[in-house]
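# Structure assessment
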Amino acid sequence: MERGGSYPREGYLRENYKYFHLRDTEGQELDFHFHEFDKIVILLSGQVEYMVESCTYPLRPWDILLIKHHAIHKALIDRSTPYERVILYLDGQYTNRSVPEGDLLSCFDRADQQGRYLLTPAAADREALTTLFDAMEKALDDEQFGAQALRDTFVIQLLIQINRIALRDGGFQSPETAYNPKIAQTLSYINEHLSEPLTVDELAGRVYLSRYHFMRLFKAQTGSTVHSYVQQRRLLYAAQLIRRGIPVSKAAEDSGFAEYSTFYRDFRAAFGISPKQLK
């Protein structure tokens, strides 16, 4: 657990979980990216919008955003106001092993199934979360017997609280905006044809838009260029293939990379390890 400072925003989690309570006036904006771990973001103050898959969520204080592993997302941060948030990274396998009957990650599955990723806690929930955060952060300096086990219990309590919110009627909030239908159609096509050439001209033609209008609309709607979005999706698909036991070179080819050197470079940049290390 950490109170602040920089934190990894892409790739793999090498611990069972990581807790951050961050306060700054800038934050960082990345292009669309994804993680191999589950991520919880709880906004405490500031102005930020999160784009998750096909939806945009303007966050309000105490909103809880659930980002399942592999979900492509991007934060749009207003740097003019202080930005305070709690972030929790979770290794799903560890969580399931720790509480095998608890189904503590079901909130992520429910969010993914509904295509809604935002929870708004009630006043009583906010009080409970505040108490829990205080206890978790006091435990950071605890070096007595059982300190790590105590920190583990706080993470479990947080997940229980979030799942209870998610199970309520109306627990998940609808996004404020969704993608333009032509962009939504494009994203679906990209995800279904990653092994094929995906040029701007071809994609624009499929939705009957000029090249330049399509590029402007795609960027405005997703916050990403077409090329960047396609590369992110291809890397994600390649990682899935490698985990299934597909040879690395075959995974690169099947996910649409024409040159292995490009695939290797982009893979290391995204995940922090080589494709063979993943295998």
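Our subject in this report is the structure included herewith. (Residues numbered from 1 in each chain as written. Predicted model: local features only at pLDDT ≥ 70, side-chain atom pairs only at ≥ 80, totals over all residues. Heavy atoms only, no water.)

## A short note on unusual backbone geometry
Formally: Secondary structure is summarised from DSSP: a helix means a run of H or I of at least four residues, a strand means a run of E of at least two, and numbering begins at the N terminus for each.
Here the phi dihedral of tryptophan 62 falls at roughly 80°; this positive angle occurs in a residue that is not glycine. Within the secondary structure, tryptophan 62 is located in the loop between β4 (55-59) and β5 (64-67). The phi angle at tyrosine 208 is positive, at roughly 60°, despite the residue not being glycine. You can see tyrosine 208 is positioned in the loop between α6 (200-206) and α7 (211-222).

## A word on the side chain of aspartate 125
Quick reminder of the rule: Residue exposure (1.4 Å probe, protein chains only): buried if accessible area is under 20% of the type maximum, exposed if over 50%, otherwise partly exposed. Here a polar contact is taken to be a pair of N or O atoms separated by no more than 3.5 Å, where protein atoms must pair a possible hydrogen donor with a possible acceptor and residues adjacent in sequence count only if both atoms sit in side chains. Contact between two residues is taken to exist if any of their heavy atoms lie within 4.5 Å; hydrogens are not considered.
Within the secondary structure, aspartate 125 is located in helix α3 (residues 123-138). On the accessibility criterion, aspartate 125 (4% relative accessible area) is buried. At 3.2 Å, the side chain of aspartate 125 forms a polar contact with the side chain of glutamine 161. Setting aside residues no more than four positions away along its own chain, aspartate 125 makes contact with Gln161, Ile165 and Arg168.

## Re the sheet that holds strand β7 (residues 83-90)
The condition that has to hold: When DSSP locates at least two bridges between a pair of strands, those strands are taken to pair. Under this scheme, a helix contributes an axis fitted over its contacting stretch, all axes are lines through C-alpha atoms, and angles between N-to-C directions fall in the 0 to 180 degree range.
Strand order in this open sheet of 6 strands is β1-β7-β2-β5-β8-β9, and the pairing throughout is antiparallel. In this open sheet, the two strands that pair with only one neighbour each are β1 (17-24) and β9 (172-173). Here strand β8 (residues 118-119) runs beside β9; their pairing, made up of 2 bridges, is antiparallel. Residue leucine 119 lies in a different strand from β9, and its bridge partner there is phenylalanine 172. Running at roughly 105° to β1, α3 makes contact with β1, β2 (38-45), β5 and β7 of the sheet.

## Section: the nonpolar core
Nonpolar side chains in soluble globular proteins tend to end up buried together. The cut-off we apply is this: What is meant by a nonpolar core is a set of buried Ala, Val, Leu, Ile, Met, Phe, Trp, Tyr and Cys residues, joined one to another through side-chain atoms within 4.5 Å.
Of all hydrophobic cores here, the largest spans 53 residues; its most connected members are Ile40, Tyr50, Ile64, Leu65, Leu66, Leu90 and Phe133. Residue contributions to this core peak at 7 residues, all from helix α4 (residues 147-167). In this view, isoleucine 40 contacts Ile64, Leu65, Leu66, Val86, Ile87, Leu88, Leu90, Phe108, Leu159 and Ile162; residues no more than four positions away in its chain are not counted. With 38 residues, the next largest nonpolar core counts Ile72, Leu235, Ala270 and Ile273 among its residues.

## Some words on α7
This is how it is decided: For a helix, the expected span equals 1.5 Å multiplied by the number of residues minus one. This arc is taken over the directions from the axis of the helix to the C-beta atoms.
The end-to-end C-alpha distance of α7 is 16 Å, a good match for the 16 Å that 12 residues give at a rise of 1.5 Å each. Looking at α7, one finds that the buried residues are Phe214, Leu217, Phe218 and Thr222. Looking down the long axis of α7, one finds its buried residues gathered within 105° of arc, a one-sided arrangement. Residues of α7 that are exposed and angled more than 90 degrees away from the buried face: Tyr212, Arg216 and Ala220. Against the buried residues of α7 lie β3 (48-52), β6 (73-77), α5 (181-192), α6 and α8 (226-243). At the C-terminal side of α7, glycine 223 shows a positive phi close to 75°.

## As for the environment of leucine 194
Along the chain, leucine 194 falls in the loop between α5 and α6. We classify leucine 194 as buried; its relative accessible area is 8%. Not counting residues up to four positions away in its chain, the partners in contact with leucine 194 are Val230, Arg233, Arg234, Tyr237, Asp254, Ser255 and Gly256.

## Describing the packing of α5 against α8
When two helices pack together, their arrangement is given by the angle between the helix axes and the distance between those axes. This is how it is decided: Small angles under 35 degrees read as roughly parallel and large ones over 145 as roughly antiparallel, with 65 to 115 read as roughly perpendicular and the rest as oblique. Helix crossings are classified by the rotation of the near helix relative to the far one: an anticlockwise turn of less than a right angle makes the crossing left-handed, while a clockwise turn makes it right-handed. In this classification, Asp, Glu, Lys and Arg are treated as charged, Ala, Val, Leu, Ile, Met, Phe, Trp, Tyr, Cys and Pro as nonpolar, and every other residue, Gly included, as polar.
Orientation of α5 relative to α8, taken along the N-to-C sense of each, is 40°, at an axis distance of 10 Å. As summarised for this structure, α5 and α8 are arranged oblique, according to the angle between their axes. Here α5 runs over α8; the crossing is right-handed. Two secondary-structure elements touch here, α5 through Leu187, Ile190 and Asn191 and α8 through Tyr229, Val230 and Arg233. Broken down by class, the residue content of the contact of α5 with α8 amounts to 4 nonpolar, 1 polar and 1 charged.

## So, the layout of surface pockets
The line we're drawing: In this analysis the probe radius is 1.4 Å and the grid spacing 1 Å, with only protein atoms considered; a cavity is a set of points the probe fits into but cannot get out of, a pocket is an open set with protein on both sides within 12 Å along at least five of seven lines, and lining residues have an atom within 4 Å of a point. Grid points are joined across faces, edges and corners, and a volume is the space filled by probe spheres set on the points.
Taken as a whole, the largest pocket encloses approximately 400 Å³ of empty space. Secondary-structure elements contributing two or more residues to the lining of the largest pocket are α1 (92-98) and α11 (275-278). In terms of residues, the lining of the largest pocket owes the most to one element, α1, which gives 3 residues. For the lining of the largest pocket, the class distribution of residues is 6 nonpolar, 6 polar and 4 charged. Estimates place the volume of the second largest pocket at around 190 Å³. Put simply, the parts of the chain that give the lining of the second largest pocket at least two residues each are α8 and α10 (260-271). The greatest single-element share of the lining of the second largest pocket, amounting to 5 residues, is contributed by α8. When the residues that make up the lining of the second largest pocket are grouped by side-chain class, the tally is 6 nonpolar, 4 polar and 3 charged.

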